Amino acid sequence: MISTHILDTHLGKPASHVLIKLFDEEGALLGKAFTNADGRVTDFGLTEFEEGEYSLEFATSDYFEGLGLETFFPKAVIHFQVKDASQHFHIPLLISPFAYSTYRGS
């Protein structure tokens with residue numbers, strides 16, 4: 001299972017209504033969802049989850065434009081590898097208009 005959340009470190013609150021797309025290693029779109037009011041996506045609608053490489057694409061420019069802020073990064077893309085598909089993979093994103101970072105969450 002793959003989940004994520006976004007924290008806007010500039011405002012110190014979750015980033016809601018951000019479009020996130022999940023891709024496989026060939027670049028095929030597997031699912032997409034908008035973050036909820038708590039900045040979270042808990043389900044991309046995957047019917048199967050297996051070992052391999054994946055990427056999450058976060059549409060950060062629309063979020064910052066909605067706040068009236070300019071951003072340097074129009075999107076953030078996180079590539080990650082799954083070696084044990086029985087585990088839960090939580091991939092948070094911390095954003096501000098001119099920086100972003102990530103880590104493997106729990």
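Note that the structure is predicted; figures quoted are calculated from it, not measured.

Summarizing the sequence annotation, UniProt attributes the feature "domain: Transthyretin/hydroxyisourate hydrolase" (unreviewed entry) to residues 2–105 in the numbering used throughout. Between the first and last C-alpha atoms of residues 2–105 the distance is 11 Å; the span itself is 7% helix and 45% strand.

Opposite charge on two side chains lets them pair, provided their charged atoms get close. Inspection of every chain in the model, using the stated rule, returns two salt bridges. Across the salt bridge formed by Arg40 and Asp38, the nearest N and O atoms sit 2.9 Å from each other. Classification of Arg40 by relative accessible area gives partly exposed; the value is 34%. Lys75 is the salt-bridge partner of Glu57, the closest N and O atoms lying 3.5 Å from each other. Residue Glu57 is found in strand β6 (residues 52–58), and its partner Lys75 is found in the loop between α1 (60–66) and β7 (76–82); the two are separated by 18 residues along the sequence.

Below, the discussion takes up the nonpolar core. One finds Ile2, Ile6, Phe44, Leu56, Phe58 and Phe80 to be the most contacted residues of the largest nonpolar core, which totals 23 residues. Elements supplying a minimum of two residues to this core: β1 (2–8), β3 (19–24), β6, α1, β7 and β9 (93–96). It is β7 that provides the largest number of residues to this core, a total of four residues.

Attention now moves to the sheet that holds strand β4 (residues 29–34). Read from one edge of the open sheet, four strands run β4-β3-β6-β7, paired in antiparallel fashion. On the outer flanks of this sheet lie β4 and β7, each paired with one strand and no other. When strand polarity is set aside, the average angle formed by the axes of neighbouring strands in this sheet is 20 degrees. Bridge analysis of β3 against β4 gives five bridges, and the strand direction is antiparallel. For Ile20, the partnering residue across the bridge sits in β4 and is Ala33.

Rules behind the numbers
- Residues numbered from 1 in each chain as written.
- Predicted model: local features only at pLDDT ≥ 70, side-chain atom pairs only at ≥ 80, totals over all residues.
- Heavy atoms only, no water.
- UniProt positions renumbered as here; feature names shortened; annotations may be inferred.
- Helix = DSSP H or I, 4+ residues; strand = E, 2+ residues; numbered from the N terminus.
- Salt bridge = Lys/Arg side-chain N within 4 Å of Asp/Glu carboxyl O.
- Buried < 20%, exposed > 50% of the residue type's maximum accessible area, 1.4 Å probe, protein only.
- Core = buried A, V, L, I, M, F, W, Y, C linked by side-chain atoms within 4.5 Å.
- Pairing = 2+ DSSP bridges.
- Axes fitted to C-alpha atoms, helices over the stretch in contact; angles between N-to-C directions.

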